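# Examination of the molecular architecture
Residues per chain, in single letters:
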Amino acid sequence: MRIVLFAAAAVCLSGCATLTTMDLDRDDSGARSYEHSHDLKAAVDSLAEPVLASGETPGILVGVLTPDGQTRYFSYGVADKDTGAPIGPDTLFQVGSISKGFLSDLVAVLVDRGVLHWDDTLEELLPPGTPLSPDARKITLLQLATHTSGLPREPMVFQTFEYLVQYTFTGKNFYRHFTAAFALDYLKDFEAPQDREMRYSNIGYGILGYVVEIKTGHTLDELMARYITSPLGLYSTGYEPQLLPGYAERAHGYTGDQPFFKARGSPTPDMQFTELMKGSAALYSDARDLLSYAAANLEDDGDRLTHVMQQNLKPQMVGTEDVPTMGWFVDDIDGEEITYQQGLVAGYSSYLGLDRRHHTAVVVLQNSFNWHYRIGHPLLLRLAKAADLNTSPAAVPARPRGAAPSLGKNP
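Let me sum up the structure you'll find in this document. (Residues numbered from 1 in each chain as written. Predicted model: local features only at pLDDT ≥ 70, side-chain atom pairs only at ≥ 80, totals over all residues. Heavy atoms only, no water.)

Glancing now at the side chain of T168. Mapped onto the fold, T168 is located in helix α8 (residues 158–170). Setting aside residues no more than four positions away along its own chain, T168 makes contact with Q258, P259, F260, F261 and K262. (Helix = DSSP H or I, 4+ residues; strand = E, 2+ residues; numbered from the N terminus. Contact = heavy atoms within 4.5 Å.)

What follows is the structure, given as structure tokens:
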């Protein structure tokens, strides 16, 4: 029985690229309904309310950035089942692998400034004399950022299997043994697969954040605040949630599809990540910050930071099921290109999608873990089809998030 559980956990959490599935409309009826009504709330309600009614999650927050740069937010359910506290655009969530997009932007800024180079290898990035296998020595910064290093989703050593099994009952982080010492020990004997196809790698992004800290002599917290969140005015985004505004009113996580052996809707503790895995999945944020971040990826206002971020959105490896950019993925759906990130950690599901052609973005935050994403892609596609018919939704102004100053000269 123990061996069966080990195998099931491995397949469930390390079997494919992004693991999740995305709902899509079967026809144009949703888009045409929105086109005729111009009612954005009705369009969002039609997607979000069934998810809430099904009991998949206690709460949902949907944010929409419209082509004119305005934002609207729609909340459903509660942030905390015990208190009945509502969800709003400033409600803090753990956003999981959306962290990877932020880390890739930070690396791109450091590359743009000459501190790092995309072709830097682990042999060059790690301290001299670090024991590495021949394959590990050749892994580049670019390969880590695009999931093409050959590193697995997570090293399936015995401890990983055992912690995965514990996770299915408790929700406790199964990466808690993934320290810098563990990663370096793993790299000593790493053998890359023969092909270099995209393999989504959580440990790869952990190592990416680690070498950034080694090379700069600064923590990811310091670097992220200096080069990404502060310039963009994202004051509710960071790795230490207790230091962020709104922490006391944050969304509390609950069991969804995972942890598998806990009853759906039961409280689940926030995942606690090691320093190594921080850059891979440890960020907290809110919908307002995430739409501001989306806007920076869509609007080239001449600022160097937004220019670098938008360069990060270029596909790096076409011909794969999930086309990787730097920390994002691209889906081509009936000729409509959607660039997106998604995050799953115990108690939370997050989605951030961009329609670059129409300058539209959607964020969806839920306080439960669910493999199936039913709102983000369909909503973006409905808005795209409606926009092609020369419709535009009413919107309310976004709260100012602060100016984006130019980057300084020091790393």
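After that view, the rundown keeps rolling.
Enumeration over the complete set of coordinates arrives at 15 aromatic pairs. A ring pair is formed by F102 and Y293, whose centres lie 3.9 Å apart and whose planes are at 15 degrees; its orientation type is stacked. Of this pair, F102 sits in helix α4 (residues 98–112) while Y293 sits in helix α13 (residues 287–298); the two residues are 191 residues apart in sequence, bridging distant segments of the chain. Note on accessibility: F102 and Y293 belong to one class, buried. Relative to F190, the ring of Y186 lies with its centre 6.1 Å away and its plane at 45 degrees, an arrangement referred to as tilted. Aromatic rings pair up to connect Y167, F174, Y175, F178, F182 and F273 into one cluster. In this structure, K81 packs its charged tip against the face of Y254, placed 5.1 Å from the ring centre. The ring of Y163 has R176 lying over it, and the distance from NZ or CZ to the ring centre is 3.6 Å. (Phe/Tyr/Trp six-rings, centres within 6.5 Å; stacked < 30°, edge-to-face > 60°. Buried < 20%, exposed > 50% of the residue type's maximum accessible area, 1.4 Å probe, protein only. Lys NZ or Arg CZ within 6 Å of the ring centre and 35° of its normal.)

Turning to α8, a few remarks are in order. An α-helical turn contains 3.6 residues, so any two residues separated by three or four positions project in the same direction. Along its 13 residues, α8 runs 18 Å from first to last C-alpha, staying within 8% of the 18 Å computed at 1.5 Å per residue. Residues of α8 that are buried include every one of T160, F161, Y163, L164, V165, Y167 and T168, and no others. G171 lies just past α8 and shows a positive phi near 85 degrees. (Expected span 1.5 Å × (residues − 1).)

Right, let's get into the side chain of S201. Tracing the sequence through the fold places S201 in the loop between α9 (180–188) and α10 (202–216). Setting aside anything within four residues of it in sequence, one finds S201 in contact with K100, H147, L151, P152 and R153.

Another aspect to go through is the pairing of strand β11 (residues 360–366). For β11, a buried count of 7 out of 7 residues is recorded, marking the element as mostly surrounded by other parts of the structure. As defined by bridge partners, strand β2 (residues 59–65) adjoins β11 across 6 bridges and the pair is classed as antiparallel. Its bridge partner being in β11, I60 is matched across the sheet by Q366. Across 7 bridges, the pairing between strand β10 (residues 348–355) and β11 is antiparallel. In the strand pairing of β11, S349 is matched with Q366. Linking β10 to β11, which pair antiparallel, is a turn of 4 residues; within it H359 sits at a positive phi near 55 degrees. (Pairing = 2+ DSSP bridges.)

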